[in-house]
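Okay, here's what each chain looks like letter by letter:
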Amino acid sequence: MTRETTRRVALLVAGVLVLTAVLVADAVIGPSAPAPAVPPPPSAVVADAAASSSAWYCAGLAAASGAVLVTNPGRVPVTGTVRSQAAGSTAVVTKDFAAPPGQQVAVDLPQGAATVSFGGGGVGVLEAAVGNAGVTASPCASTTSDTWYFAHGSTAQGVGMAVAVFNPLPTPAVVDISFASPSGGTIVPPAYQGIPLAPGQSVVENVMDHVPNAASLATQVIALSGSVVATVFEQSPGPGHGGASFLDGATAPRSTWAFAQNEDVAGGMNSFVVYNPTSTPATVTVALSLTQGQAAPLVVRVAPQSASVLNADAQTRIPAGAPYGITFSTSSSSNRSAPGIVVARIASSNGSSTPAVGVSSGQAGGISRWLVPPVPPGQSPAGLAVIDLARRPVRVSVKGFRPNGGAVPLPGANAVRLLPGAVYALSPSPATPVGWSPVEVEADGPVAVQLDPSPDSPPGTAPVVAWPLLAALG
Amino acid sequence: MEDLAPAVVAVIVACDPGPWFEETLQSFALQDYPELAVLVLDAGSAEDPTPRVAAVLPNAFVRRLPENAGFAAAADAVLGMVAGASHLLLCHDDVALDPNVVHVLVEESFRSNAGIVSPKLVAWDDPSRLLHVGMAVDKGGAVVDRVEPGEIDHGQHDGVRDVFLAPGGCMLVRADLFAELGGFDPAVVALGDDLDLCWRAQVAGARVIVAPAARVRHLERLAAGDRPLPGGAPSLQALQRRHELRIVLVAYSTFHLLRVLPQVVFLSAGEFAVAVLTGNRPRARGVLHAWSWNWSRRKELRAARAALRERRRLPDSEVRRLQVRGSARLTAYVRRLFAHGLEAAHAGAAALPALISATAPDGDEGSEAAGGAALVNPAGALAPATALGTRRRSGVVRNGAGPQPAEAPVESGAAASPPLSLSARTVVWAAVGLVLLIGSRQLLGNGLPSMAGLLSWPAWTTLLHRFGTGWHAPGLGGVNPTSPATGPLGLLALVLGGSSGLVQKVIVLGCLPVGAWGLARLARPFGSPRGRLAATLVYLALPVAYDALALGRWDALVAYAAAPWVAARLARASDLEPFASGYGSDRAGRLRRRRLLRQVIGLGVLEAVFTMLVPAGAALTLLMAAGLSAGALVALGPTGWRPVRRMTGAALGATAVTVVLLAPWSFTMLAGSQRWQAVTGLALLPGTGPGWSSLLRLAVGPIGDSPLAYGLVVAAVLPLLVAVRHRLTWAAMAWGLVLSSWLVCWTEGKGWTAGFNITPLVLLAPAAVGVALAAGLGMAAFEQDLSAHRFGWRQVATVLAAAGVTVGALPVLAAAGGGRWDLPTSGYGEATAWLSGRAPAGGFRALWLADPRALPGGGWQLEPGVAYAVTDGGLPDSTGLWVGSHPASAATVADDVRLAQRHRTVQLGQLLAASDIHYVVVVQSLAPIIPGYQSPALFPVPATLTDALSTQSDLTAVPGQSGAAIYVNEVKAAGPVGANLESSWTYRGVLYGVVVVWLLLVVRLARPPTVWARARRRRSRGGRGTSRSRAGRPPAARPRAGAGIDAPAGVGR
C-alpha cells in the first residue's frame, strides 16, 4: 500500500468514524428533550409572602351576595382593597380593609364580582355565601385564564345553576360557554356564544334558561380573547335537601384529583362526576383509601368531551358509614401523555343537616404544601384529613402560625408517616386548632387536604377548600 | 478454353490528383485480373488528366465531368456509361492496389455471395500500418473503426467477415446491385457516401464483407482535408454530421426510425449544449447545420425513403445485427474525458493524434478522421494512460501564489490544468449572476422587511455620532461600550450617498458575491481554473447563505462572506503547499518572521472587522483554525504539527490583535463571563435546535430542506478518494473544517456547550467553505490526478460527484424562482408603526421579548429560549444589533418580568413604568403571520411568559397581527425617556487611540515593506522564479527542474 493510499484510508476511516460516532450517539441519546411542559398552576394559589403584589378574583359573588374571607397567616397585618362591580352595572364599590396577622377577616360585599388586591403576598381569599341552604365558601381565583372547566352542575328538579364569568383585567374579553353531559354530546347554546366582557365587567348566566332538566352538566368556559375568571354557583331549594355551592373551576384538566375525606352516611349519597374535556378517551383509575387499607381500585372509562358519574353508594367495596379517601388518576399510553380530567363530588346527607347537599371540586395532585383556612364564621370545624397521593410513603406535618412569625408543627402532627393512599385525620382541639386558625400542611410528597366545617353534615357537603402554597409562609 | 472471368470496370474518380496519381494508375496496370477495364472520371479538375492516364494506362477510358459535385455524384455517372460489367471497382484517385486485389475481391464476392466487398486498407507510406478493415456503425450513423490508429498489421484482422461499412477509398460493388440502388446518393457530397451505399445495400438484402487478402494502400487526402470540396460545402465536421443524419432518416423503416430518432435528438441536444458551454463553436454549428440541412430537404428524404422501401428485402432487425450498441460518439467522448482530460474530450478525436504524437516515440500522428468523428477502438482504451500521464506537460502551470522559489516542492508527473477559456467563464458567470439576480429581484426592487437581523439603518451622521460618543440606545441607553461597527458602517453609508435603503441592500446582499470572491481567492493557488470555478459555484449553491437571508440573519450572511477570507489567511499561515512562502525553515529567517508577523496582523485586522460586525467572529476564527489543524494532523501525521503550530499561533495572535483593535468593547468583556453573551450567543430552548440531517445538508432553514441538498456534500467526498499530494492534504483539512463545524453545532443542540450558543447558521459558514473547497479540489484532482489511472471506480466516483453537484444545486435554483429567497414580505416595521402614535408625549420605550432567533436586533438572555431587549420608540434600528456586553440598568426590567412569571406580581405595568416602558411586545414568529400572504417560521416563547403577561392587572393586550402580542402599559411612565448620556473622556480617548492604530495597521498592510521589495529584487537577480525585464515584459520562460514548460502548440489554447 503506497503512502498516498495509506493517507487516504486513514482520512476516510477517521471521517467515517467521527460521523458514525455522532450518528450513533444521536440515535442513542435521542433528540434533546424539549423543556417539560409546565402545567399551569391551580386557579387559586397563595402568592409568596415576598411578592410585590397579588390579587384574587371572586367571580362567584356575581351570582350570590356574600363576603370575601381574607386569611392572613402571617405575622404582620395586611391591608388590601376590594373592588366590587355587579353584573351588568358600571358602578364600582371599593372597600379597604386590614387583615390582622394569623386571623381571618370577612368583608361583606353586595352582589357583584370582586377583585381583592394586596401590596404583597401570603394571603388567601375565599368567597362565601350564606343562605337558607347554608354556607358555601370556595377559594377565589388567584389568576385569570382563557379556559375554565367545571365537572358538575345540574338544572334538574329545580336546582338553580348559574355560571358567573368575570373579566377583571383591562383587556376586553369574549367568551363561549358550552356543556357536556354523561349521555354524551356537547351542548352549545347559541345564546352563550361570543359573550363580550368589557374590562371589569361580569356576567351571570342562568343555565336553566337554555339547558333545563339536566341532571349533570359539565361546563366549559373558553375565552376567545382576553382572560377571565369563572365560577359555577349551584343552589338546591327546599328544606331537607337544600344546599348552595360555589364550584371553583379548573384552568386545565389534570391527571390526578383527590378527595381526602368522604363518607357514605345512611340515607345519603356520594357521587363523583369525572369530566374528560380532551379529545382522547380517558381511562381513569379510582383508588379507594379505607380505614383498614386500600381497596381494589375501580376503572372508569370516559369518552372524549363527555362525563361519567360514579355512585359511591353502589360500590360494595366502600363500606357504609366508614370514612374513605378517593383518588382519580388517568394513565398514559406508550406514546401519549395522560389525558387530563376534571372531577367534582356531589355529597348529600339524609336531609337532617344543613346543607343537605354540596358540590365541590377535587384537589389537583402534585401539591405538597397547603394553607388551610379556618372555617367560615358561624361554623365549627369537624376535622382535617390529609391523603397521600404519592406512590411512596410521605411525611406530613401540620403547622400552626406563631404570632411573631413562623410556623411550628402542631403536637402529634409533626412528620407523620403516611403510606400511599392512606388518610391522616386530625381533629380540632385546643392544642391542634385546625379549623379555628389557619394552618399549613407540609409534606415531602404530593398530598390533598380537606377541612370539613360541621360534624353534622357528612364530609364533603360543605368542605373548606385549602389553597396550594408555592412557598412556605412560615 | 477461355477463362470466362466476369468483366470488372475499375472506376477511378479523380479531382486534381497529385503526384501520386501515376502510382495509382500503375497499380491498376499491374492487376492480374484478365477482364479489367479502367474508367477514369475526372470531376472538374483544373488540368486535364488524360495525358497522365494515357501514359500509364493507354487502354483506359477517361471521361471529364463538368464540375466537382463530389465523389458520389461523379461515380454515379458510371450508371449511364457502363453496360455488361459484372462488378464495379469504385476507387478514389489516391489508392494503390496490390496486384491481386481485383482478383481476390471478385473471387470473394462470388464465394460469399456478397454485394459489396472491401479490401484491407493500409497506409500509403507504410503498408504495415492498418487504416481500415471494414468499419462498424452505431444506430445514429456514427462510424466505429475496427482498428486502432496506427495499428501494425500482424494478420490479426485477416479473415473474411461481414461488416456494416466498406470504406469508400476502394470497394467492389456488384454492378446490378449498384444499378438497383441507383448508385450513390448524390446529395452526400463527401464523408458518408460509402455508409449510405452499404446501408441501403444491406436493406436490399446484400452482404457487405471485407476481404483482407486484398490489400490497398490509401493516401486519404479527403479525410485529411486536403481534397477540394464541392462549392458551398461547409466544414468536414458539418458534412459528416448532416450526412450521418440523412442516412439515418432514409435508411430506417418507420418503426425503427421512431425508436431511434428521439435518441439521436437527445444526443444531438447534449452535444450542442456541451459544445456551447465549452466554447466549441464549430461543433455546435455542425450539429445545428445537420438538422437544418436535413429539414430543408425533407421532400428529398421522403422520396428516398419511398425508393428504399420498394427495395427493402431485409428487416431492420437483421440489419441492426452488425450495428454497434449504444452511442459510439458518446462512448468515445467519455473515454477521451477520463483518459485524457476535458481538453482532449472537447477537442474531439482530431486532437488525439496530436496528443499521442507528442508522446509517442516515433511521432506518428495517428489517423483519426477530421472534424471530430467519433472513432472508437472497440478493442479497448487508447494509448496507455500511464504513459501519457508521466510524459504529459500540456498547458501552462499557473500558480496564484506568485513567484515560485526553486526550493518550493513541485510535483513530478502531475499534469497541470489548462486554462479556462474566457467565453466559458463568461457564460458560467453570466448564468450565475442571472440566477442571483432572479432570486433577489424582489429584494432589489422592494427593499427588505424589518425583522430579526434585517433592520433599517439610521443616517450616516447618526452612526458616526454614536461611534464618536459611544452612546447607544439598546437597553435603557448608556455608554456601556459596544461594538465599534457603527464607525466604519457610517463611513460606508457616507460613501454610498447616505441612502439607508441602499446601504442595507449593499451590506446584506453584497455578502453573497463577497463570499464567492473570497472562496475563489482561496482556491486559486491550487492551479486549476475549473477547480476554482467549481469551488465557487458550489459555495454559491450551498443553502447556508440563502437560509440566512430567509431567516433574517445578517450575522450569518457576514460570516458567509468572511469565512473564506479567514480560511485563506489561515491557509497562508500554514505554509503548506500550494500556499507555501518558499522561505524554508532555515533560510531568510528574518524574512520568514516578518512574513509571519504580517500574516498575524493581516488576519487580526480581518478578524477584527469580522468580529465587530459579528461578535462571534473571533470564536469562529479559532474554530476554523482548530478544524484545519485537525485535518492537517490526520492527513500529515507527525509532520502536520508544524502547520498546526503556525495556524494556531496565527489565530491566537490575530485574536489578540482583535482584542486590541476592538477596545474598549473587548476589554469590557474580559471583566467577567457574564459579559460574554454578545460573543457566545443566547441559549435556545432545549430541543429546538436543528437536527443532524439539517446540519449535514448545511440547510437549517427553509431553503435546501430536501434530500437533494446532500448532493453537494457527497461531491465534496471525491478528493478524498482520488486526490493525491497537497490536494489530498487540503481535502482533509477542508473536511476538518466541515466536521468541526458540524460537531460544535450538534453539541450545542444537545445543550452540552455550557454557555456557548453561537447560532448554527453562523457556525455552518466554515463548513460551507470546507465543502466548497473540497468540491473544487475534487475537480482539480479529476484534471490532474485521474489521468494516471485507467478507467475504473475513480471515474465512476467522479461521475457521481458531478451528479451530486448538479442535483445538490437544484434546491437553491428552485428557491430562486420566488424572487426573494423565502424572505417574508412584510416585517415588524409595518406591524409596529402605530406604537408611537398611541404613546404618551415625551417618548417611550418598548420591551421586546422573543426567542433569540426571532428577536428584532440584539438582546440579552431572560431565560433559555427567551431574549429581551429594551428600545427607544418601538422597533430598533440596525444599531440595536450590537448590544452592550452587559444590560446594566436594563437588567431590572428582566427581573420584573421574572417576578411576573413566578406569580410574584400582578402589577408588572407599574414596575415597568419606572423604566418608561409603555409597550411590551412578545414576538413569536420571524415576521407577522398574515393568513394567505405569508407564513413565516414560528419561534414560540414558553407559555409561562405569555400567561404571566396576560394575567397582569395593568397590561392591556392589543389585538393585532398574529406573530406578535403587544401589551400596553396602563400605568403612566415616570417621566420623559432619558436623554443621551455623554461618554467619558477616558472612553473616547481609548476609542480614538484605537482608531489611530487601525489606520496605521491598514496603511502598513496595504504597502509592502521595504525589506520585502528588497528581497524580491534580490530573488529576481538570483534567477529564482520568473522575473521581469527592465522594460516590464516577462522574458521567455526558462525550463526549470520540476517546473512546468509551455504546452505544445495547439493543445489547451
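The structure reproduced in this document is the subject of the present report. One numbering rule holds for all chains: residues counted from 1, following each sequence as written. The lettering of chains begins at A and the numbering of ligands begins at 1, in the order of writing. Since the coordinates come from a predicted model, pLDDT governs what is reported: local features require at least 70, and pairs of side-chain atoms require 80 or more to be given and counted, while whole-chain, interface and lining totals use all residues. Think of the side-chain values as coming from all heavy atoms in the structure, minus any hydrogens and water.

1. With respect to the overall build of chain A
Helix and strand definitions follow DSSP, with helices as H or I runs of at least four residues and strands as E runs of at least two, each counted in order from the N terminus. Helix and strand content of chain A: one helix and 35 strands. Working definition: with a 1.4 Å probe on protein chains only, accessible area under 20% of the residue-type maximum means buried, over 50% means exposed, and in between means partly exposed. Looking at the 474 residues of chain A, the share that counts as buried comes to 57%. Put simply, 77% of the contacts in chain A that link residues at least 6 apart link residues at least 24 apart. Surface accessibility of chain A: about 17,800 Å² in total, with carbon and sulfur atoms responsible for 56%. A contact between two residues is defined here by any heavy atoms of the two lying within 4.5 Å. Accessible surface is estimated by sampling points in the Shrake-Rupley manner with a 1.4 Å probe; for residues, cover comes only from the protein chains shown.

2. Topic: the nonpolar core
Throughout this description, the term nonpolar core refers to a set of buried Ala, Val, Leu, Ile, Met, Phe, Trp, Tyr and Cys residues connected via side-chain atoms within 4.5 Å. One finds Trp554(B), Trp742(B) and Trp821(B) to be the most contacted residues of the largest nonpolar core, which totals 163 residues. The element contributing the most residues to this core is helix H33 (residues 760-784) of chain B, with 16 residues. In this structure, Val163(A), Phe179(A), Val300(A) and Ala312(A) belong to the second largest nonpolar core, which totals 103 residues.

3. Notes on the environment of Leu88(B)
Note on placement: Leu88(B) falls in strand S4 (residues 87-92). Sequence spacing of Leu88(B) and Ile116(B) is 28 residues, and the spatial spacing of their C-alpha atoms is 9.6 Å.

4. Details of the state of the cysteines
All names here are of chain A. The definition used for a disulfide is geometric: two cysteine sulfur atoms within 2.5 Å. Across all of its chains, the model carries one disulfide over all chains by this definition. Covalent S-S linkage joins Cys 58 and Cys 140, the inter-sulfur distance amounting to 2.0 Å. When the S-S torsion is 105°, as for the bridge of Cys 58 with Cys 140, the disulfide is right-handed. In this pair, Cys 58 is assigned in strand S1 (residues 54-58) and Cys 140 in the loop between strand S8 (134-139) and strand S9 (147-150), connecting sequence segments 82 residues apart. Of the two residues, Cys 58 and Cys 140, neither departs from the other in class, the shared state being buried.

5. Some thoughts on the sheet that holds strand S20 (residues 282-290) of chain A
Residue and element names in this part refer to chain A. Being paired, for any two strands, means DSSP has found at least two bridges between them. The five strands lie next to each other as S21-S20-S23-S18-S26, forming an open sheet whose pairing is antiparallel. The open sheet terminates on both sides in strands that have one partner only, identified here as strand S21 (293-302) and strand S26 (363-364). As defined by bridge partners, S20 adjoins strand S23 (residues 323-330) across seven bridges and the pair is classed as antiparallel. The partner of Val 286 across the bridge, within S23, is Phe 328.

6. Some words on the pairing of strand S8 (residues 135-138) of chain B
Residues and elements named next belong to chain B. Residue alternation in S8 divides its side chains into two sets, Met 135 and Val 137 and Ala 136 and Asp 138, and both sets are buried. Direction of pairing for S8 relative to strand S9 (residues 143-145): antiparallel, over a ladder of three bridges. Bridging from a neighbouring strand, Val 137 pairs with Val 143 of S9. From the end of S8 to the start of S9, which pair antiparallel, there are four residues, and Gly 141 there has a positive phi angle of about 90°. Relative to strand S13 (residues 323-324), S8 runs parallel, the two sharing two bridges. Residue pairing in the sheet places Val 137 in a bridge with Gln 323 of S13.

7. Section: the interface of chain B and chain A
Contact with chain B, which involves 42 residues of that partner, is made by 39 residues of chain A. Carbon and sulfur atoms make up 64% of the surface buried where chain B meets chain A, a total of about 3,100 Å² over both sides. Together, Lys750(B), His903(B) and Arg904(B) form the three largest contributors to the area buried by chain B at its contact with chain A, with a combined 18%. Note on definitions: salt bridges are taken to be side-chain nitrogens of Lys or Arg within 4 Å of carboxyl oxygens of Asp or Glu. The interface formed by chain B and chain A contains two salt bridges. Throughout, the accessible surface (probe 1.4 Å) given up by two parts as they are put together, summed over both, is called the buried area.

8. Thoughts on the pattern of salt bridges
All names here are of chain B. Applying the stated criterion to the full structure yields 37 salt bridges over all chains. The partner of Arg 111 in a salt bridge is Glu 108, with the nearest N and O atoms 2.7 Å apart. With Arg 111 and Glu 108 both in helix H4 (residues 101-112), this residue pair falls three residues apart, about one helical turn. Judged by relative accessible area, Arg 111 falls into the exposed class, the value being 55%.

9. Focus on helix H8 (residues 254-277) of chain B
Residue and element names in this part refer to chain B. Under the convention used throughout, the expected extent of a helix is 1.5 Å for every residue step, that is, one less than its residue count. Between the first and last C-alpha of H8 there are 34 Å, a value that for 24 residues agrees with the 34 Å anticipated at 1.5 Å per step. To get the bend at any residue, fit one axis to the seven residues that end at it and another to the seven that begin at it, then take the angle between the two axes. Its axis deflected by about 30° at Val 260, H8 carries its strongest bend there, up to four residues before the proline Pro 262. Where H8 is concerned, the buried positions are His 256, Leu 257, Val 260, Val 264, Ser 268, Glu 271 and Ala 275. Positive backbone phi, approximately 75°, marks Gly 279, located one or two places after H8.

10. Side note on the packing of helix H23 (residues 554-574) of chain B against helix H24 (residues 589-613) of chain B
Residue and element names in this part refer to chain B. Between the N-to-C directions of two axes lies an angle of 0 to 180 degrees, each axis being a line fitted to C-alpha atoms and, for a helix, fitted only over the stretch in contact. As a packed pair, H23 and H24 sit with axes 10 Å apart at the nearest point and diverge in direction by 175°. One element, H23, and the other, H24, form an angle in the roughly antiparallel class. Where H23 approaches H24, its residues Trp 554, Val 558, Ala 559, Ala 562, Trp 565, Val 566, Arg 569, Leu 570, Arg 572 and Ala 573 are matched on the opposing element by Arg 595, Gln 599, Gly 602, Leu 603, Leu 606, Phe 610 and Leu 613. Gly falls in the polar group here, along with every residue not listed as nonpolar (Ala, Val, Leu, Ile, Met, Phe, Trp, Tyr, Cys, Pro) or charged (Asp, Glu, Lys, Arg). A class-by-class count of the residues in the contact of H23 with H24 yields 12 nonpolar, two polar and three charged. Put simply, angles under 35 degrees are roughly parallel, angles over 145 are roughly antiparallel, angles from 65 to 115 are roughly perpendicular, and the rest are oblique.

11. Comments concerning the packing of H23(B) against helix H25 (residues 617-636) of chain B
Residue and element names in this part refer to chain B. Contact pair H23 / H25: the axes reach a minimum separation of 10 Å and the direction vectors enclose 50°. Put simply, H23 runs oblique to H25. When you trace H23 past H25, the crossing you get is right-handed. Seen from H23, the contacting residues are Ala 559, Ala 563, Val 566, Ala 567 and Leu 570; seen from H25, they are Leu 620, Thr 621, Met 624, Ala 625 and Leu 628. Classifying every residue of the contact of H23 with H25 by side-chain character gives nine nonpolar, one polar and no charged. Should the near helix be turned anticlockwise from the far one by less than a right angle, the crossing is termed left-handed; should it be turned clockwise, right-handed.

What is shown is where atoms sit, not what they do.
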